[in-house]
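Remarks on the overall topology
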2 protein chains.
Amino acid sequence: MVTIYDIATKTGFTAPTVSKALNGTGKLSEATRSKILEVAGQMGYKPSMVARTLTTKKSNLIGVIYDDTKMNTGFDHPMFGGVLTRFRSQMEKAGYDIVFLSRTFQMSYLNHVRLRSVDGVAAINPDTEDNKCIAELEQEHIPCISTNDYIPGICTVVTDNEQAGYKAAEYLVNHGHRRIAFLAGPFSETSPAAKERFQGFKKYLDEQGIGFDGHLLEECPLWNMASGYQGFMRLWERTEDFTAVFAANDTLAFGIMQFAEERGIQIPQRLSLLGFDDDRVASFCRPRLTTFRQDRDTIADLAAEILLSLITGIPAPPIVRVPARLIERESVRRYP
Amino acid sequence: MVTIYDIATKTGFTAPTVSKALNGTGKLSEATRSKILEVAGQMGYKPSMVARTLTTKKSNLIGVIYDDTKMNTGFDHPMFGGVLTRFRSQMEKAGYDIVFLSRTFQMSYLNHVRLRSVDGVAAINPDTEDNKCIAELEQEHIPCISTNDYIPGICTVVTDNEQAGYKAAEYLVNHGHRRIAFLAGPFSETSPAAKERFQGFKKYLDEQGIGFDGHLLEECPLWNMASGYQGFMRLWERTEDFTAVFAANDTLAFGIMQFAEERGIQIPQRLSLLGFDDDRVASFCRPRLTTFRQDRDTIADLAAEILLSLITGIPAPPIVRVPARLIERESVRRYP
DNA sequence: CTGAAAGCGCTAACAT
DNA sequence: ATGTTAGCGCTTTCAG
């Protein structure tokens, strides 16, 4: 491995001078600078971030928390996989590398952050139980952002779920539906997607004087298809008195579709279905699923931008909301 | 930040002694060891990997090359997203962290590896053009493995594509098909999935005396749906004289399905379709797609295991093949 | 069993 | 404009 000392002895200058030439810092004559650069080049010098980090306390490393144990879909997740892809690319443009944070060996995220001297942390898709460990980071003044969960003191960049829920109800009502069920994911304070989507949904119904019948709400304990299937079964066996159902995400909606197919419930003739996420599957299933697309790129861009600001000491707003977009396909019927 | 020196002064021992106690190395009396550990605990000591790496030259960091510009699906990739998920988890169990390697700022992978003092590299889903940059790593004796592309000198853990192609032909022939088309992805020496699947496919046909009519082969320049759509259109407009088509992956198969739907070609009544990858979509599209599932977990497990061996100096075989499994669904018709 | 000395590669602060 | 000195936090080697 060739170090700045090797360059120093070869050029006759000293290590700090070489360092300055390489980094473009300090004042050096053009002659020495170019000479050092040239020799560095031909010796195949590569800087060591490790050594630099040890002295500067800056690693240019971003820790990413991504632990999808909820859906068991790993990186192949319609929403978070997309956010991560874009977030990574933005951070790399800014000169940062991504390292995954984990909690193996009873290690906390904070330990991991310290171990690797990480400059900032992005919680892309944390486990619900991770939230305390993430809050701990904030308390230790590690720059953090979240792209899903609400964590005290940490800026969250997230879809405007309430607005989307509102628009969902509006869309269904405009299509002539009045009795609309809501199949929720787990209601959680920290991961409030399901709850907020429901609140916006109910809000519109209330505003219109239609109201929401509590019997038409069913909560699924997990965000997966089996949970959607079973949740909808409970709902359907309790009451069939509705013409449409808004599923809190597409995966739950696929569970509904499976149930509907088995029971011979026609979608959208008998039952209209509205999803959330624009999973890749949504445009392939039959009928094609009408759904909301979360703006993954914008969420990732904002998360990256804010995290970068936090690292330079600029404070962040507690929450940034990004609108979702309705993707109309074939699963909602229009009544005259 | 609390360092071993802080612990040293507090306990009255010296830094090396503290180091030994913390790491369990060297010989220390039980008394001093437990005292040091206790103080370290109550002071909230966290080791610095950066400092340790500087002296030991071991970072416990694995560089991952993942640059899906071919399918533009990022981490949400049916095959590679799954491999990465599992690979990460295996490496973490072994005490390694994952950092993504990139080539921004004209930086080569080698530069990046040196910059971060990475212990080993896994090319999960490289760009085709990356291969030279990866070969360079091998030449510099950086432990490397690949889970897709063949790179000179680097161990590749990959699906046994030829065997799968062979089984595909066998399956279709056993279902009464004789005129079978092959819709290929890009034929490439370094990323040989398409080619090997075709070779195995043709091999079975030849062995059975059925043979393969060259007119029934069409190559798609990209692994995406639009490319599959167009490739199949070229094929279909040249000849309709076949009852089944084997698509080199599911994404191409979805392009075929779209074309078939637009032209009113019934699948599987008029045209049987066999895919590859078991994309999540495959079980949701209509008809459900019969396809091969690559064994993502096994590939990731072997890749992790071999990379770990390489790091400890144990040489690796040039190639490890993992069988794929046929998933029977509804897209292949049986003829009497 | 424990300590002293040295070094990993780099940069910051100060001196010349 | 360049050099000197020192230190980041840890481990290794060798001495005691």
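The preceding data block contains the structure.
Anyway, here's the lowdown on the structure attached to this text. (Residues numbered from 1 in each chain as written. Chains lettered and ligands numbered in written order. Predicted model: local features only at pLDDT ≥ 70, side-chain atom pairs only at ≥ 80, totals over all residues.)

1. Observations concerning the overall build of chain A
- In terms of helices and strands, chain A carries 12 helices and 12 strands.
- For 336 residues, the compact-globule estimate of 2.2 N^0.38 gives 20 Å, and the C-alpha radius of gyration of chain A, at 26 Å, exceeds that figure by more than 25%.
- In terms of its C-alpha atoms, chain A occupies a principal-axis envelope of roughly 85 × 35 × 35 Å.
- Looking at chain A residue by residue over its 336 residues, the buried ones come to 48%. (Helix = DSSP H or I, 4+ residues; strand = E, 2+ residues; numbered from the N terminus. Rg over C-alpha atoms; globule rule 2.2 N^0.38 Å. Buried ≥ 20, exposed ≤ 12 C-beta atoms within 10 Å, placed from the backbone.)

2. A look at the environment of serine 191 of chain B
Residue and element names in this part refer to chain B.
- In this fold, serine 191 is placed in the loop between β6 (180–184) and α9 (193–207).
- When the 22 C-beta atoms within 10 Å are taken as the criterion, serine 191 is described as buried.
- As for serine 191 and leucine 289, which are separated by 98 residues in sequence, their C-alpha atoms are 24 Å apart.
- Non-local contacts of serine 191, meaning those with residues more than four positions away in its chain, are made with Thr128, Asn148 and Asp149. (Contact = placed C-beta atoms within 7 Å.)

3. Quick notes on the packing of helix α4 (residues 49–56) of chain A against helix α4 (residues 49–56) of chain B
- Closest axis-to-axis distance for the α4 of chain A/α4 of chain B pair is 9 Å, and the angle between their directions is 135°. Considered as vectors, α4 of chain A and α4 of chain B are oriented oblique to each other. α4 of chain A and α4 of chain B meet at a crossing whose hand is left-handed. Each of Val50, Ala51, Thr53 and Leu54 of chain A in α4 of chain A lies in contact with α4 of chain B, whose residues at this interface are Val50, Ala51, Thr53 and Leu54 of chain B.
- Of the residues belonging to the contact of α4 of chain A with α4 of chain B, the class tally is 6 nonpolar, 2 polar and no charged. (Axes fitted to C-alpha atoms, helices over the stretch in contact; angles between N-to-C directions. Parallel < 35°, antiparallel > 145°, perpendicular 65-115°, else oblique. Left-handed = near helix turned anticlockwise from the far one by under 90°. Nonpolar A, V, L, I, M, F, W, Y, C, P; charged D, E, K, R; others polar.)

4. Focus on the sheet that holds strand β7 (residues 217–219) of chain A
All names here are of chain A.
- Read from one edge of the open sheet, 4 strands run β7-β6-β8-β9, paired in parallel fashion. Each having just a single partner strand, β7 and β9 (272–274) make up the two edges of the open sheet. Sheet twist, expressed as the mean angle between neighbouring strand axes with direction ignored, is 20°.
- Across 3 bridges, the pairing between strand β8 (residues 244–247) and β9 is parallel. (Pairing = 2+ DSSP bridges.)

5. Side note on the protein's contact with DNA strand D
- Lining the immediate environment of DNA strand D, one finds 27 residues, of which Lys27 of chain A together with Thr3, Pro16, Ser19 and Ala51 of chain B sit closest.
- Contributing elements (two or more residues each) for the surface near DNA strand D: α2 (15–23) and α4 of chain A together with α2 (15–23) and α4 of chain B.
- Taken together, the residues that form the surface near DNA strand D break down as 12 nonpolar, 13 polar and 2 charged. (Near = placed C-beta within 6 Å.)

6. Re the packing of α2 of chain B against helix α3 (residues 30–43) of chain B
Residue and element names in this part refer to chain B.
- Direction vectors running N to C along α2 and α3 enclose 90°, while the axes themselves pass 9 Å from each other. Here α2 lies roughly perpendicular to α3, going by the angle between them. Contact with α2, carried on its side by Thr17, Val18, Ala21 and Leu22, involves Thr32, Arg33, Ile36, Leu37 and Ala40 of α3 and no other residues of that element.
- Its residues placed into classes, the contact of α2 with α3 shows 6 nonpolar, 2 polar and 1 charged.

7. Let's talk about the nonpolar core
- Counting residues in each nonpolar core, the largest one holds 90 residues, and the members touching the most others are Ala303 of chain A together with Ala303 of chain B.
- If we skip the residues at most four places from it in the chain, alanine 303 of chain B touches Phe87, Ala122, Ile145, Thr147 and Val157 of chain B.
- Grouped together as the second largest cluster of nonpolar side chains are 87 residues, Ile180, Phe201 and Phe292 of chain A together with Phe292 of chain B included. (Core = buried A, V, L, I, M, F, W, Y, C linked by C-beta atoms within 7 Å.)

8. A few points about the relation of the copies chain B and chain A
- The two copies are related by a screw operation: chain B maps onto chain A through 180° of rotation and 0.0 Å of translation along the axis, at an RMSD of 0.1 Å. Accordingly, the operation relating the two chain copies is best matched by a two-fold axis. (Least-squares fit on C-alpha atoms with pLDDT ≥ 70 in both.)

9. Here's the deal with the sheet that holds strand β9 (residues 272–274) of chain B
Residue and element names in this part refer to chain B.
- Pairing is parallel across the open sheet formed by 4 strands, whose spatial order is β7-β6-β8-β9. The open sheet has two edge strands with one neighbour each: β7 (217–219) and β9. Ignoring strand direction, the axes of neighbouring strands in this sheet form an average angle of 20°.
- Bridge count for β6 against strand β8 (residues 244–247) is 4 bridges, and the pairing is parallel. In the sheet register, isoleucine 180 faces β8, and the bridge partner there is alanine 244.

10. Details of the pairing of strand β1 (residues 61–66) of chain B
Residue and element names in this part refer to chain B.
- Summarising burial for β1: 6 of the 6 residues are buried, a large majority.
- Residues Leu61, Gly63 and Ile65 line one face of β1 and the alternating positions Ile62, Val64 and Tyr66 line the opposite face, and both faces are buried.
- Of the strand pairs in this sheet, β1 and strand β2 (residues 97–100) are connected by 4 bridges, and their pairing is parallel. Looking across to β2, one finds that leucine 61 is bridged to aspartate 97.
- Judged from the 5 bridges that link them, β1 and strand β3 (residues 120–125) form a sheet pairing that is parallel. By the bridge assignment, isoleucine 65 is partnered in β3 with alanine 123.

11. What to know about the protein's contact with DNA strand C
- The immediate surroundings of DNA strand C are formed by 27 residues, with Thr3, Pro16, Ser19 and Ala51 of chain A together with Thr55 of chain B found nearest.
- Put simply, the parts of the chain that give the surface near DNA strand C at least two residues each are α2 and α4 of chain A together with α2 and α4 of chain B.

12. With respect to unusual backbone geometry
- A cis amide bond, omega -5°, links arginine 286 of chain A with the succeeding residue proline 287 of chain A.
- Located in the positive-phi region is histidine 141 of chain A, a residue other than glycine, with phi close to 65°.

13. Focus: the interface of chain B and chain A
- Facing 38 residues of chain B, the contacting portion of chain A comprises 38 residues.
- Broken down by secondary-structure element, the contributors of at least two residues to the side of chain B that touches chain A are α4, α5 (80–93), β2 and α6 (109–116) of chain B.
- Here the side of chain B that touches chain A gets 7 residues from one element, more than from any other, and that element is α5 of chain B.
- Residue classes in the side of chain B that touches chain A are distributed as 16 nonpolar, 12 polar and 10 charged.

14. As for helix α6 (residues 109–116) of chain A
- When we look at burial in α6 of chain A, the residues that qualify are Tyr109, His112, Val113, Arg114 and Arg116 of chain A.
- One or two residues past the end of α6 of chain A sits serine 117 of chain A, with phi positive at roughly 55°.

15. A few points about the environment of leucine 205 of chain B
Residues and elements named next belong to chain B.
- Assignment of secondary structure puts leucine 205 in helix α9.
- For the pair leucine 205 and isoleucine 180, spaced 25 residues apart in sequence, the C-alpha separation works out to 9.5 Å.
- When neighbours within four sequence positions are excluded, leucine 205 is seen to be in contact with Ala169, Ile210, Gly211 and Phe212.

16. Some thoughts on the environment of leucine 217 of chain B
Residues and elements named next belong to chain B.
- With respect to the element layout, leucine 217 can be found in strand β7.
- The class of leucine 217 is partly exposed, set by 16 C-beta atoms lying within 10 Å.
- Sequence separation of leucine 217 and phenylalanine 182 is 35 residues, and the distance between their C-alpha atoms is 5.0 Å.
- In this view, leucine 217 contacts Phe182 and Ala184; residues no more than four positions away in its chain are not counted.

17. Considering the pairing of β6 of chain B
Residues and elements named next belong to chain B.
- For β6, the buried fraction is high: 5 of the 5 residues fall into the buried class.
- Of the two faces of β6, the one holding Ile180, Phe182 and Ala184 and the one holding Ala181 and Leu183 are both buried throughout.
- Bridge count between β6 and β7: 3 bridges; the pairing is parallel. Across the sheet, residue leucine 183 finds its bridge partner in β7, namely glutamate 218.

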